[in-house]
Amino acid sequence: MENIYSMFEVAFLRKNRWQLYFKGLGVTLQIAVFASLIGILIGTVVALMKLSRNRKGKGTVFTAIATIYIDIIRGTPSVLQLLIMWFVIMKSCSNGILVASLSFGINSGAYVAEIIRAGILAVDPGQTEAGRSLGLSSFQTLRYIVLPQAFKNALPPLCNEFITLLKETAIVGYVALADLTRVANQVSTATYEAFMPLIGAAVIYFVVIKILSTLFGILERRLRQGDSR
Amino acid sequence: MKKIVALLLAGTMAISLAACGSSSSSGEAAPAAEETEEAVEETEEAAEETEEAAEAEGPLADGVLTVGTNATFPPFEYLGDDGTPDGFDMALIKAIGEKIGVEVEIQDMEFSTLVQSIGTKIDIAIAGMTVTPERQETVDFSEPYYDAVQYVLLPVDSEIRTYEDLEGKKIAVQLGTTGNFIAEEIEGAELATYDKATDACNDLVNGRADCMIIDKNPAEVFQGKFSDKLVAVDGAQFSFEVENYAIAMPKGDTELAEKINGALQELKEDGTFDQLVEDYITNYSAE
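Cut-offs applied
- Residues numbered from 1 in each chain as written.
- Chains lettered and ligands numbered in written order.
- Predicted model: local features only at pLDDT ≥ 70, side-chain atom pairs only at ≥ 80, totals over all residues.
- Helix = DSSP H or I, 4+ residues; strand = E, 2+ residues; numbered from the N terminus.
- Buried ≥ 20, exposed ≤ 12 C-beta atoms within 10 Å, placed from the backbone.
- Contact = placed C-beta atoms within 7 Å.
- Domains from an automatic or database assignment.
- Nonpolar A, V, L, I, M, F, W, Y, C, P; charged D, E, K, R; others polar.
- Pairing = 2+ DSSP bridges.
- Axes fitted to C-alpha atoms, helices over the stretch in contact; angles between N-to-C directions.

Notes on the overall build of chain B
A count of helical and extended segments in chain B gives 11 helices and 15 strands. Taking all 287 residues of chain B together, the buried fraction comes to 37%. Relative to all contacts within chain B whose residues are 6 or more apart in sequence, the contacts with residues 24 or more apart total 70%.

Written out as structure tokens, the structure reads:
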């Protein structure tokens, strides 16, 4: 027991190391939040592009672009995307959080696009027909009738995507950003003791994600309140 | 169609299983066979020794010495043209292995995990590793085989000159290296820790860090590679202490330590060591 306490003392209290973990958690959360915002933005646009149809009911050039984007992003590992973004595309940008957020945002966008597309397709076509019959334009129908329902359909998988994204940011250590995982690595390197820093970081991730999933659960229930009347 | 797939899967599984089996058995059997032959040929004394070695448990029991390294640290270790680790340390440990009579198997891994892995995933580590009191709490070191001097790599237009100038700067280092620990002690310094020394150097060139602290020889290699962009400054200017490279070994394994130190001594005496220094360090040229 004393042994475990001394390990804890070395890994968290000595030299005020706990501050490092908090800073690391801050970096992790910043990247995850910015990236998911970028992801939702890109994802919505790409989903609409992929669903776009010309008058003959066939896919347009936008459909093709969206499909290529989704294929490329889903067909390459996110570590490689991050390394390419850091060492090749944004070589001269030294704001690590910006580069990582962009990289993860573009990555997440592809997955979010498919989630939102599924959400839109799940809205009954009768809703669109009703909207158009009532004299709304096709944009108005989309904006006020389809998208709100689509968002509700897409919420559970979107929350899931955010949690996945949060955990996926653990690879930013590759480009020398001090996120939570990297900090745990640094501490275990400095102390030659892997157990406490790694388990500690795992516990921090778990607690944060547990809190988030509880909040998402509440949000979901709120949105469902109008369903069963 | 399903049957064909099933057949293919079964086939692959059989082959992969066979591959695992043969590689491990040949790996263990070959040195053992050699040992027996030697025992027959050589005198009784030698035979007794082999018996002892066979009885002894520990890193050398299976005739294979698993050596951890991190091949991003030229000229001591780097990936050779065939993609396997090469360099001064690799040549040295292979020569030592030959002297002791064991097969050397190199494992390329992250530098920061080397010390923790000794005794479990690897037997010993040779990776241009500096002897420090912190590391000595976990592992034992062989006799030092090389003087380590830390260098500071700076962009050509940098105004950093003294230790005080380093304070509050963004410093690129390789995670777990001596440079990492020196940088941690510098007041207000912001550390960027990389798994690969080469990545740290790239980012220094890209202007993402103010300087980089790394051992002398790799610093000179990097400086040679980016001679129009970087200068390498001797750490003595920044009053860094001189330290030594040594081989890290499991704590308390005196038998192994004696063997390795003995072999190292022999290599120094018969001139092999100096030859390796000349081949790998003096004549090293960055592509």
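Further notes follow.
Points about the domain arrangement of chain B
All names here are of chain B. Taken domain by domain, chain B holds domain 1 (31-40 + 62-146 + 245-282) and domain 2 (150-241). Taking only C-alpha atoms, the centre of domain 1 and the centre of domain 2 are 27 Å apart. If you look at the interface, domain 1 gives 11 residues, while domain 2 gives 13 residues. Residues that form the side of domain 1 that touches domain 2 fall into these classes: 6 nonpolar, 4 polar and 1 charged.

Quick look at the sheet that holds strand β13 (residues 230-234) of chain B
Residue and element names in this part refer to chain B. The sheet built from 5 strands is open, its strands ordered β11-β10-β12-β9-β13 with mixed pairing. The open sheet terminates on both sides in strands that have one partner only, identified here as β11 (190-194) and β13. The sheet shows a mean angle of 30 degrees between the axes of neighbouring strands, direction not considered. Both strand β9 (residues 150-155) and strand β12 (residues 211-215) contribute to a ladder of 4 bridges, which runs antiparallel.

Points about the pairing of strand β1 (residues 64-69) of chain B
Each regular strand carries side chains that alternate between the two faces of the sheet. Residue and element names in this part refer to chain B. Bridging between β1 and strand β5 (residues 103-108) involves 6 bridges; their strand directions are parallel. Bridge pairing links Val67 to Ile106 in β5. One ladder, built from 2 bridges, connects β1 with strand β6 (residues 124-125); its direction is parallel. Across the sheet, the residue bridging to Gly68 is Ala125, located in β6.

Considering the sheet that holds strand β3 (residues 77-79) of chain B
Residue and element names in this part refer to chain B. Taken in spatial order, the 3 strands line up as β2-β3-β4 in an open sheet, and their pairing is antiparallel. What marks the edges here is a single partner per strand, and that holds for β2 (72-73) and β4 (85-86). Two elements, β2 and β3, share 2 bridges in a ladder whose sense is antiparallel. Directly across from Phe73, in β3, lies its bridge partner Glu77.

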